[in-house]
Amino acid sequence: MSLRVFRANEVVLSKWSGGTSQQYYVYPENTTYAERNFAFRISVATAELDTAMSYSYLPGITRHLVMLEGVSRVTHVGQYEVVMHPYEEIDVFDGSWSSSAIGKVTDLNLMLTKGSNGKMTVIENSGEVWAENMCERPTGLQHTALFCGAERAVVVIGGVITELFKGDLLLWEAPDLKLPMQVQLYGGKMVKIDVGTHLAKD
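Figured I'd write up the structure that's included with this text.

The rules behind the values
- Residues numbered from 1 in each chain as written.
- Predicted model: local features only at pLDDT ≥ 70, side-chain atom pairs only at ≥ 80, totals over all residues.
- Heavy atoms only, no water.
- Core = buried A, V, L, I, M, F, W, Y, C linked by side-chain atoms within 4.5 Å.
- Buried < 20%, exposed > 50% of the residue type's maximum accessible area, 1.4 Å probe, protein only.
- Contact = heavy atoms within 4.5 Å.
- Helix = DSSP H or I, 4+ residues; strand = E, 2+ residues; numbered from the N terminus.
- Pairing = 2+ DSSP bridges.
- Axes fitted to C-alpha atoms, helices over the stretch in contact; angles between N-to-C directions.

### As for the nonpolar core
Within the largest apolar cluster, 25 residues are counted, with the highest numbers of intra-cluster contacts made by Ile42, Leu108 and Ile193. Setting aside its immediate chain neighbours within four residues, Ile42 contacts Gln22, Gln23, Tyr24, Tyr25, Leu108, Asn109, Leu110, Ala145, Leu169 and Ile193. In terms of nonpolar packing, the next biggest core, distinct from the first, is built from 16 residues, Ala131, Ala150, Ala153 and Trp172 among them.

Below you can see the structure in the form of structure tokens.
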């Protein structure tokens, strides 16, 4: 069983024009956001200005977005607008759209390129959580991740106990879909991310 933990204080923090960003994971691991050659990417961004900020133009990429802190008004020109609150709305949109947002927020991002499928789910209560199969091809590879928005959480998978703190990410590669994750939350929520990609691991 392949479990990895990415601690919030160990993830590299980078600056952008409106705030900061942290890339937690990109797959395959030899790809980069700059080259847009990844299958999927998980990151956290913070907007520090309370003015309209345009989203990057990302054709060929589907984006999943959930607020972790703060309220944001997201506008997709010619499509729709949505007011997003922490751990409530999950916005799924085309990266080629003309999109912008207003609000001082921290958000969790999932980016998927063609051939990858993914889903975000908010976990509000302690109990059993299951990985959801997102692989459409037998040669694909599944990943399931838990992002800790709680002050503390304990996850038990197959007898392996992992303690997470706010901002940590637990990544489970090729999860056993018949094996539950026992989650105990202390003072907050989590976000589960399931991704299936046709790019099998070398």
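### Describing unusual backbone geometry
In this chain, Tyr27 is followed by Pro28 through a cis amide linkage whose omega measures -10 degrees. Locating Pro28 in the fold gives a position in the loop between strand 3 (19–27) and strand 4 (40–47). Phi angles above zero are rare outside glycine, and Arg36 is one such case at about 55 degrees. Tracing the sequence through the fold places Arg36 in the loop between strand 3 and strand 4.

### Notes on the pairing of strand 6 (residues 61–69)
Burial runs high along strand 6: 7 of the 9 residues are buried. Where strand 6 lies against strand 11 (residues 105–113), 8 bridges are found, and the strand directions are antiparallel. Bridged to Leu65 within strand 11 is Asn109. Taken together, the 5 bridges between strand 6 and strand 9 (residues 90–94) define a ladder with antiparallel strand orientation. Of the residues in strand 9, the one forming a bridge with Thr62 is Asp94.

### Re the sheet that holds strand 11
Hydrogen bonds between backbone atoms are what pair the strands of a sheet, whose relative direction is either parallel or antiparallel. Pairing in this open sheet of 6 strands is antiparallel, and the strands run 2-3-4-11-6-9 from one edge to the other. In the strand order of this sheet, the two ends are held by strand 2 (13–16) and strand 9, each with one partner. Here the average twist between neighbouring strands, direction ignored, is 25 degrees. Relative to strand 4, strand 3 is paired through 8 bridges, and the arrangement is antiparallel. Its bridge partner being in strand 4, Ser21 is matched across the sheet by Ala45.

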